[in-house]
Amino acid sequence: MLTILDGPMGTELAARGVPTPPPLWSALALDRAPEVVSAIHHDYAAAGATVHTANTFRTKRRSAGARWEVLARRAVALAREAVPAGHRIAGSVAPLEDCYRPDLAPTNPRPEHRELCEVLADAGVDLILCETFPHVGEALVAVEEAARTGLPVWAAFTAGPDADLLTPAEVLAGAREAAARGASAVLINCTKATRTRTFVDKLAQVGIPFGVYANAGAVEEGMGWGVTTRGAELYADLAEAWIQAGATIVGGCCGTSPLHVRAIVERARMIR
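The shown structure was predicted, so the numbers you read here are calculated from the model rather than taken from an experiment.

### Description of the UniProt feature "binding site: Zn(2+)" (unreviewed entry) in the protein chain
Mapped onto the present numbering, the UniProt feature "binding site: Zn(2+)" (unreviewed entry) falls at Cys190, Cys253 and Cys254. Of the residues just listed, which span 65 residues, no C-alpha pair is farther apart than 6.5 Å, and they cluster in one region. Of the residues annotated just before, the largest pocket has Cys190, Cys253 and Cys254 among its lining. Topologically, Cys190 is positioned in strand S6 (residues 185-192). For Cys190, a relative accessible area of 2% puts it in the buried group. When neighbours within four sequence positions are excluded, Cys190 is seen to be in contact with Tyr100, Thr132, Thr158, Gly160, Pro161, Tyr213, Ala214, Asn215, Cys253 and Cys254. Along the chain, Cys254 falls in the loop between strand S8 (249-252) and helix H11 (258-271).

### Notes on the pattern of salt bridges
One pass over the full model with this rule turns up 23 salt bridges. As a salt-bridge pair, Asp122 and Arg73 come within 2.8 Å of each other at their nearest N and O atoms. In this pair, Asp122 sits in helix H6 (residues 110-123) while Arg73 sits in helix H5 (residues 68-82), placing the two residues 49 residues apart along the sequence. Judged by its relative accessible area of 55%, Asp122 falls in the exposed class. In this structure Arg73 comes out as partly exposed when scored by relative accessible area, which is 29%. A single network of salt bridges, built from pairs that share partners, joins Arg110, Arg114, Glu118, Glu144, Glu145, Arg148, Glu177 and Arg181.

### So, helix H3 (residues 34-47)
When the terminal C-alpha atoms of H3 are compared, their 20 Å separation across 14 residues agrees well with the 20 Å that a helix rising 1.5 Å per residue should span. By the burial criterion, the buried members of H3 are Val36, Val37, Ile40, His41, Tyr44, Ala45 and Ala47. The inward-facing, buried residues of H3 contact helix H1 (10-15), helix H2 (29-32), strand S2 (51-53), H5 and H11. In the segment just after H3, Gly48 is the residue with positive phi, at about 125 degrees.

### Notes on the nonpolar core
Of all hydrophobic cores here, the largest spans 77 residues; its most connected members are Leu13, Val93, Cys130, Ala178, Trp242 and Val250. For this core, the leading source of residues is H5, giving eight residues. Grouped together as the second largest cluster of nonpolar side chains are 13 residues, Ala156, Leu187, Cys190 and Tyr213 included.

### Structural notes on the packing of aromatic side chains
Following the criterion strictly, the structure yields one aromatic pair and no others. Ring geometry for Tyr235 and Trp242: centres 5.5 Å apart, planes at 85 degrees, overall edge-to-face. Both residues of the pair, Tyr235 and Trp242, count as buried.

### Comments concerning the environment of Pro209
Among the secondary structure elements, Pro209 is positioned in the loop between helix H9 (197-203) and strand S7 (210-215). With a relative accessible area of 43%, Pro209 lands in the partly exposed category. Counting along the chain gives 155 residues from Pro209 to Ala54, while the straight-line C-alpha distance between them is 21 Å. If near-sequence neighbours (up to four positions away) are discounted, Pro209 is found in contact with Ser184, Ala185, Val186 and Thr248.

### Side note on the packing of H3 against H5
For the pair H3 and H5, interaxial distance at closest approach is 8 Å and the crossing angle is 45 degrees. The orientation of H3 with respect to H5, classified from their angle, is oblique. Seen from above, H3 lies across H5 with right-handed handedness. Here H3 contributes Pro34, Val37, Ser38, His41 and His42 to the contact with H5, which in turn contributes Leu78, Ala79 and Ala82. Here the contact of H3 with H5 is composed, by residue class, of five nonpolar, three polar and no charged.

### Things to note about the environment of Glu131
On the secondary structure map, Glu131 appears in strand S4 (residues 127-133). Taking the relative accessible area as the measure of exposure, Glu131 reaches 7% and is therefore buried. Sequence spacing of Glu131 and Ala156 is 25 residues, and the spatial spacing of their C-alpha atoms is 4.5 Å. Residues contacting Glu131, with those up to four places away along its chain left out, are Thr53, Phe57, Ser92, Val93, Ala94, Pro95, Ala156, Asn189 and Tyr213.

### Some words on the side chain of Glu115
Here Glu115 is to be found in helix H6. Those residues in contact with Glu115, other than ones at most four positions away along the chain, are Arg61 and Trp68.

Cut-offs and rules
Residues numbered from 1 in each chain as written. Predicted model: local features only at pLDDT ≥ 70, side-chain atom pairs only at ≥ 80, totals over all residues. Heavy atoms only, no water. UniProt positions renumbered as here; feature names shortened; annotations may be inferred. 1 Å grid on protein atoms, 1.4 Å probe; cavity = no way out; pocket = protein on both sides within 12 Å on 5 of 7 lines; lining within 4 Å. Helix = DSSP H or I, 4+ residues; strand = E, 2+ residues; numbered from the N terminus. Buried < 20%, exposed > 50% of the residue type's maximum accessible area, 1.4 Å probe, protein only. Contact = heavy atoms within 4.5 Å. Salt bridge = Lys/Arg side-chain N within 4 Å of Asp/Glu carboxyl O. Expected span 1.5 Å × (residues − 1). Core = buried A, V, L, I, M, F, W, Y, C linked by side-chain atoms within 4.5 Å. Phe/Tyr/Trp six-rings, centres within 6.5 Å; stacked < 30°, edge-to-face > 60°. Axes fitted to C-alpha atoms, helices over the stretch in contact; angles between N-to-C directions. Parallel < 35°, antiparallel > 145°, perpendicular 65-115°, else oblique. Left-handed = near helix turned anticlockwise from the far one by under 90°. Nonpolar A, V, L, I, M, F, W, Y, C, P; charged D, E, K, R; others polar.

Next up, the structure:
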């Protein structure tokens, strides 16, 4: 059975004219444009997504300071209120520093990952998505802390936009270890869609459900970043291949949109 994950929050906020500056990035919209956050969740649900990632990618202490918990709980509430009953809400747990700079991973990320996981669980998420980790060690700590809550845990690794931060072998090893530490699904995300298939083939060897939510790649590839319907279809072409390879969780990452999610849903109907 195929699970349709939603698409990005940050780049979709930007596409709708909402600023996403550091250090809060997308989380700034929880204060300044909560109605747009809600609308994005709603639009992904209307496109066919049934798992929705709360806007908690940056609601961590080091990014949001003393208000981190308020923002995390608000993000979960906005997602829950915006989508139909029965859809699942995933709490996002991301690298504490930069998802494209594994060299910045803290030596002891456990306390901060633990506190966010505990708040996400208390706020009522259905699963915890440890996502966009380019550093396997930090990802595994996040998985362990997410598993402590008793909720289902998905672990998503990124090789970066150019697929050069982690090798396919490293992703496979990390995914196997994540499964051993409590992950019930493993994924590759925020690597350009056209460079993702080799990672998919490795994830197929782990022995648990696996999936993909890739980014749209460079603007000139014509697959995202304000794309036409044709660009969404190009992404769906690749998604079809991931599904044929055994992926059972598919969505979109940076540069994709509800159009892409809808295209995946329609393509999945055609290949069943």
